[in-house]
Amino acid sequence: MSTFATSGTPGTPGTPGTPVTVRVPAKVNVQLAVGAARPDGFHDLANVFLAVSLFDEVTATPADTLTVTCEGPDADKVPLDRTNLAARAAEILAARAGLEPAVHLHIAKNIPVAGGMAGGSADGAAALLACDTLWGLNTPLSELLDICAELGSDVPFSLVGGAALGTGRGELLTPVGAGTFHWVFAVADGGLSTPAVFREFDRLAEAAGTAIPEPQASPALLAALASGDAEALGAALANDLQAAALSLRPQLARTLAAGVDGGALAALVSGSGPTTAFLCRDAESAEKVAAALFASGTCRATRIASSPAPGATVLPS
């Protein structure tokens, strides 16, 4: 695994009792190549992650017991029990350190919920860094990444941000170069379950009767990403889960078409969906694409962002 540097210093102690807030980005998969199902139920991936400038913030405050609260768009859809990855991150870190997870975690939610942009994973990474800082543990980044991998396949990238190739089930990261790109994201009504989308991928593959190749990162895509060539990146965007997401949510095809008709260079389903991502030529074009998408009536909301964005970052007190 290559070495990363995060934008905040993991484990830098704060003033005792002072709340710690960590900002963490959403992601888009500019390539998601999916292999056949493994015996453990996971799939090998070649997952080219790109962090984008849509952020959640997680604040860790000393408390008598572990509690989670949430505010923001669709906050009512965020679990507030121990199934929340933020809570699980606090529990795992505390157990490793021999502490009680006595912390209140407050999530300011801005990343779409169940939208294929790793919002839950982002909150897990943010809570891990916030608790590590609050408790003054100074945990090495390599160990934080191990905990992230235990939490979920997308969580390690949420911690480091930027741009990276994820292999294995997505948790083994290698940093890659990335120029600046401009995006519009169309938020759909309701969410899509990632496990359900993978099951549909398996079903469609079995129905087609074709062998699934080993997932490989596209050299053309990596070159376009590193050079900042938006047109070349648009031509190389790929998501092997898109057919499955469209099978489960056919109306997303109308959203994809509306964005391209509105001037996007390219469009794809973000991760397992249902959020759709539109690559734009520049910031001005992104404004126009967002307006066209909203006017089309094919999505609930639009969000404009740029990439790459920094990973989990401790904000000043």
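The preceding data block contains the structure.
Now for a look at the structure at hand. (Residues numbered from 1 in each chain as written. Predicted model: local features only at pLDDT ≥ 70, side-chain atom pairs only at ≥ 80, totals over all residues. Heavy atoms only, no water.)

Within the largest apolar cluster, 75 residues are counted, with the highest numbers of intra-cluster contacts made by Val30, Leu105, Leu159, Trp183, Phe185 and Leu233. No other element matches the 10 residues that strand S2 (residues 43–62) contributes to this core. Judged by nonpolar contacts, the second largest core, of 23 residues, contains Leu32, Phe201, Ala244 and Leu256. (Core = buried A, V, L, I, M, F, W, Y, C linked by side-chain atoms within 4.5 Å. Buried < 20%, exposed > 50% of the residue type's maximum accessible area, 1.4 Å probe, protein only. Helix = DSSP H or I, 4+ residues; strand = E, 2+ residues; numbered from the N terminus.)

The subject of this paragraph is the environment of Ala258. Positionally, Ala258 belongs in helix H9 (residues 252–261). For Ala258, a relative accessible area of 13% corresponds to the buried category. Taking the C-alpha atoms as reference, Ala258 lies 9.2 Å from Gly297; in sequence the two are 39 residues apart. Residues within four places of Ala258 in sequence aside, it is in contact with Leu293, Ser296 and Thr298. (Contact = heavy atoms within 4.5 Å.)

Sheet architecture is open: 4 strands sit in the order S9-S10-S7-S11, paired in antiparallel fashion. The sheet is open, and its two borders are formed by strand S9 (266–269) and strand S11 (301–307), each paired with just one other strand. Within this sheet the neighbouring strands show an average axis-to-axis angle of 25 degrees, counted without direction. Alignment of S9 against strand S10 (residues 276–280), held across 4 bridges, turns out to be antiparallel. (Pairing = 2+ DSSP bridges. Axes fitted to C-alpha atoms, helices over the stretch in contact; angles between N-to-C directions.)

The values are spatial; any link to function lies outside them.
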